Amino acid sequence: MSAQLRALAAEICYQVIDQGKSLSEALPKGQQKLPFAPDKALLQEICFGVMRQLPQLETVCQQLMDKPLIKQLRPLQFLIYVGIYQLKFLRIPDHAAISETVEAARLLKGQNLTKLINAVLRNVQRKPELFDFCQASSAVQFNHPGWLINELQQAYPEQWQTIFTANQQKAPLWLRVNQQQISPDAYLKALDEAGIAASQPFAYLPVAIKLEQACDITTLPGYAEGWFSVQDAAAQHAAFFLAPQASERVLDACSAPGGKTCHLLELAPALQLTALDRDATRLQRVTENLERLKLSARVVAADVLDTASWWQGELFDRILLDVPCSATGVIRRHPDIRWLRKKTDIAPLTVLQQQILQCAWQLLKPGGTLLYATCSVLPAENSEQLQQFLAQQSDASLLSLPELGVNSWQILPGEQDMDGFFYALLHKAA
Ligand SMILES: C[S@@+](CC[C@H](N)C(=O)[O-])C[C@H]1O[C@@H](n2cnc3c(N)ncnc32)[C@H](O)[C@@H]1O
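In this text the structure is predicted, and so the values were computed from the model without any measurement. Sequence order as written defines the numbering, with residues in each chain counted from 1. Local features in this predicted model are restricted to residues of pLDDT 70 or higher, and side-chain atom pairs are both shown and tallied only at a pLDDT of 80 or more, whereas totals for entire chains, interfaces and linings draw on every residue. Computation of side-chain values covers all heavy atoms of the structure but excludes hydrogens and water.

**Q** Explain the pairing of strand S1 (residues 174-177) to me, please; I cannot follow it from the model alone.
**A** Of the two faces of S1, both are covered, the one formed by Trp174 and Arg176 as well as the one formed by Leu175 and Val177. Two strands are counted as paired when DSSP detects at least two bridges linking them. Runs of H or I in DSSP of at least four residues are treated as helices and runs of E of at least two as strands, each being numbered from the N terminus. In this sheet, strand S3 (residues 208-211) lies alongside S1 in antiparallel orientation, the contact comprising three bridges. Across the sheet, residue arginine 176 finds its bridge partner in S3, namely alanine 208. Across three bridges, S1 lies against strand S4 (residues 228-230) in antiparallel orientation. Its bridge partner lying in S4, leucine 175 is registered against valine 230. Burial status follows relative accessibility: with a 1.4 Å probe on protein chains alone, a residue under 20% of its type maximum counts as buried, one over 50% as exposed, and anything between as partly exposed.

**Q** Would you explain the environment of cysteine 325 in this entry?
**A** By secondary structure assignment, the location of cysteine 325 is in the loop between strand S8 (316-322) and helix H14 (337-340). Exposure remark for cysteine 325: the relative accessible area of 12% places this residue in the buried category. A C-alpha to C-alpha distance of 20 Å links cysteine 325 and glutamate 415, two positions 90 residues apart in sequence. By definition, residues are in contact when any of their heavy atoms lie within 4.5 Å. When near neighbours in sequence (up to four residues on either side) are disregarded, cysteine 325 contacts Arg341, Leu349, Gln353, Thr374, Cys375, Ser376 and Glu381.

**Q** Explanation requested: the site of the ligand in the structure shown.
**A** In these notes, residues near a molecule or strand are those with any non-hydrogen atom within 4 Å of it. The immediate surroundings of the ligand are formed by 18 residues, with Lys260, Asp277, Arg282, Asp303 and Asp322 found nearest. Here an oxygen atom of the ligand sits 3.3 Å away from a polar atom, N or O, in the main chain of proline 257. Accessible areas in this description were obtained via Shrake-Rupley with a 1.4 Å probe; residue shielding takes into account the shown protein chains only. Considering the ligand on its own, with 610 Å² of exposed area, one finds that the protein chains cover 89% of that surface. Here a polar contact is taken to be a pair of N or O atoms separated by no more than 3.5 Å, where protein atoms must pair a possible hydrogen donor with a possible acceptor and residues adjacent in sequence count only if both atoms sit in side chains.

**Q** In this structure, what is going on with the pattern of salt bridges? I would like to understand it.
**A** Side chains that differ in sign of charge can pair as their charged atoms come close. Any carboxyl oxygen of Asp or Glu within 4 Å of a side-chain nitrogen of Lys or Arg constitutes a salt bridge here. Inspection of every chain in the model, using the stated rule, returns 17 salt bridges. With its nearest N and O atoms 3.4 Å apart, the salt bridge here joins glutamate 45 to lysine 170. Here lysine 170 lies in the loop between helix H9 (160-167) and S1 and glutamate 45 lies in helix H3 (residues 37-64), a separation of 125 residues in the sequence. Taking relative accessible area as the criterion, lysine 170 reaches 60% and is therefore assigned exposed. Here glutamate 103 and arginine 106 are joined by a salt bridge, their closest N and O atoms 3.4 Å apart. One end of the pair, glutamate 103, and the other, arginine 106, are both in helix H5 (residues 94-107), three residues apart, so they sit about a helical turn from each other. Look at arginine 106 and you get partly exposed, because its relative accessible area is 39%. Through salt bridges with shared partners, one network takes in Lys210, Asp232, Arg332, Arg333, Asp417 and Asp419.

Here it is in structure tokens:
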């Protein structure tokens, strides 16, 4: 089992890095092959760890191998990273980490490489100096691609190192209490009675509850009853900022998988809410989440830009635009993003974001509000996007964000233990 787990980890890392699959796609398929929960958790821990440390693992290998393994042997190269990661970062006894990794090589048809793998891992065990990266490039020191380091150095001359450090941390487990089912205070009490330590860090956002320790959410009080959802506190600010009222007409234009859709309805269940997304598969999750939380909305699979195909002709009071973005704010939760996202992805994304913003603006009532949101830390997708929009749209102005009193908010990863996010609230002249 343990060798199988290592072989699965190597295959998953290979699929992500060499074949461009996301971890959220590849990892669950691997986990399905493991019957026991602790093994599933260890598989995740190893895959996340290799993504987080990849440049350093590669650098160590460069010092110990003549050349990296190529072509059909690539999964075995990732197996070596898996082995090194265990030796350096996990509390698995060295002899077990080495023998299971060598055994995994056989499962990956690498019988001829077992000696090499054994030798590399024993060298790692003996030579701690291999992990001295003081003289290495910043890409290796900070375990992120060079283009992203350059972007963030420019955008945040004072904070860029803190961002990369935060991206290497495990994200905390945040819950959003479904206030239609239970009050935040009553839920905190239920957690306390179950012996689960939790806090309520935002006085103005009492539904946001942070657990001291990660756990299996299905074991938390009220899981089956829909008392809570898992959602980072940064994302929980969206519904709070948009502040929907009673039976208003609201559009959530990029809604899947529905975290913010459900929160809007938890605040105001009588809303006439249209939850749109162009990805019908992801949209299925919106329907499931609505059902679990006993909420309802008009769920539509359509491209927001193709208004003729879905818009019924009535303007909206409020619009949430949680636009597709680089997701550079959520790297600590999705450590593969730093390798999957390329510098060349950013310009097309900003074009799409501007198109969505322009299109949605036409669907907003005069006097209405629109919340622009991304989980990005790149100014091109955030502040610069807003500047461009405001320069063209004379009936648009920025509103100050409730409780914060600022016109826009760039949350950096790790700030108040949150994901990186951007918010700006726009008002349309009446
Ligand atoms: C950041 S995610 C939304 C997350 C969601 N708001 C939540 O809180 O669960 C962006 C979504 O935009 C959708 N999307 C991208 N382009 C779109 C378009 N032109 N029209 C509608 N949806 C689009 C994607 O399929 C994706 O689900």
